[in-house]
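Fold and contact review
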Amino acid sequence: MADSTDDWRIERLGSIHDRSSFDCGNAMLSDWLRRSAGQFGKRDLARTYVAVKQEEPVVFGYYALLSHGVEFEALPSDQAKGLPRLEVPVVLLGRLAVDLSVQGRGLGSLLLVDALRRAQYLAEHIGVRGVEVDAIDDAALSFYQRFGFVSLLDDPRHLILPMQAVRKLGLPPLVD
């Protein structure tokens, strides 16, 4: 049974959220949410956003954002053109995962769009060249490429979606 986008609420991870049963099929991603996400938030290292069903605290998906930089030499020539030869500021989508119980229902796309909206909001206030991600496997690589992410020169699974491309998606503005 498909969930509608109205069934989900995406909010910043807090102590009210039940992460204990989260399992996306990848132990590293599941364990990070259960054991480390809260500490990363408290230490201002990353912000984690979770997908919950309306009025329920159980986490069904999440993503984490943090500031980062991409080496100039890793940029494709069309992205490097006209830029100073410095590390380029980006928003790093450090993790994105969906619980096995709801995989294949569009929640991953919903989470990614929410992350891109947050990055777009940030880019209106600070310098952000794009959204960076390291695809964990070929399925993740394909997922991000469907949204327009392109490989950086240092690794085919190291990807960027330039802010110019994010803006062209015409996403509704983030309302906080």
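See the structure printed just above.
Residues numbered from 1 in each chain as written. Predicted model: local features only at pLDDT ≥ 70, side-chain atom pairs only at ≥ 80, totals over all residues. Heavy atoms only, no water.

1. Quick look at the overall build of the chain
Helix and strand counts for the chain come out as five helices and seven strands. Each helix and strand of the chain, placed in order from N terminus to C terminus, yields the pattern β-α-β-β-α-β-α-β-α-β-β-α. Its C-alpha atoms give the chain a radius of gyration of 16 Å, near enough to 16 Å, the size a compact globule of 176 residues would have. Dimensions of the chain along its principal axes, counting C-alpha atoms only, are 50 × 30 × 30 Å. Counting over 176 residues, the chain shows a buried share of 44%. For the chain, the exposed surface amounts to about 9500 Å²; the carbon and sulfur share of it is 52%. In the chain, 20 positive and 24 negative side-chain charges are present, and the distance between their average locations comes to 3 Å. (Helix = DSSP H or I, 4+ residues; strand = E, 2+ residues; numbered from the N terminus. Rg over C-alpha atoms; globule rule 2.2 N^0.38 Å. Buried < 20%, exposed > 50% of the residue type's maximum accessible area, 1.4 Å probe, protein only. Areas by Shrake-Rupley, 256 points an atom, 1.4 Å probe, with all protein chains shown as cover. Lys, Arg positive; Asp, Glu negative; His and termini not counted. Charge placed at Lys NZ, Arg CZ, Asp CG, Glu CD.)

2. Topic: the environment of R129
Locating R129 in the fold gives a position in the loop between α3 (107-123) and β5 (130-134). Sequence-wise, R129 and G69 are 60 residues apart; in three dimensions their C-alpha atoms are separated by 9.3 Å. The contacts of R129, once residues within four sequence positions are left out, are Q79, L83, V88, P89, P162 and M163. Among the polar contacts made by the side chain of R129, one reaches the main-chain carbonyl oxygen of Q79 at a distance of 3.1 Å. (Contact = heavy atoms within 4.5 Å. Polar contact = N/O pair within 3.5 Å; in protein donor to acceptor, adjacent residues only side chain to side chain.)

3. Here we look at a nonpolar patch on the surface
Together, Y121, L122 and I126 make up an exposed nonpolar region whose accessible area comes to about 270 Å². Relative to the helices and strands, Y121 is located in helix α3. (Patch = residues over 30% accessible without salt bridge, like charges linked within 9 Å, V, L, I, M, F, W, Y side chains within 5 Å. Salt bridge = Lys/Arg side-chain N within 4 Å of Asp/Glu carboxyl O.)

4. Considering unusual backbone geometry
The phi angle of most residues is negative, glycine excepted, and most peptide bonds adopt the trans form. Although it is not a glycine, D44 sits at a positive phi angle of roughly 60°. By the element assignment, D44 lies in the loop between α1 (27-42) and β2 (47-53). Unlike most non-glycine residues, E55 shows phi in positive territory, near 65°. Assignment of secondary structure puts E55 in the loop between β2 and β3 (59-70).

5. Details of the nonpolar core
Of all hydrophobic cores here, the largest spans 33 residues; its most connected members are L93, L112, Y144 and F149. Of all the secondary structure elements, the ones that give two or more residues to this core are β2, β3, β4 (88-98), α3, β5, α4 (138-146), β7 (155-162) and α5 (163-168). Leaving out residues up to four positions away in the same chain, L93 has contacts with Y63, A64, L65, L112, A115, V131, E132, V133 and Y144. Ranked by size, the runner-up nonpolar core spans 13 residues in total, among them L33, V50, V59 and A97. (Core = buried A, V, L, I, M, F, W, Y, C linked by side-chain atoms within 4.5 Å.)

These values are about where atoms sit, not about what they do.
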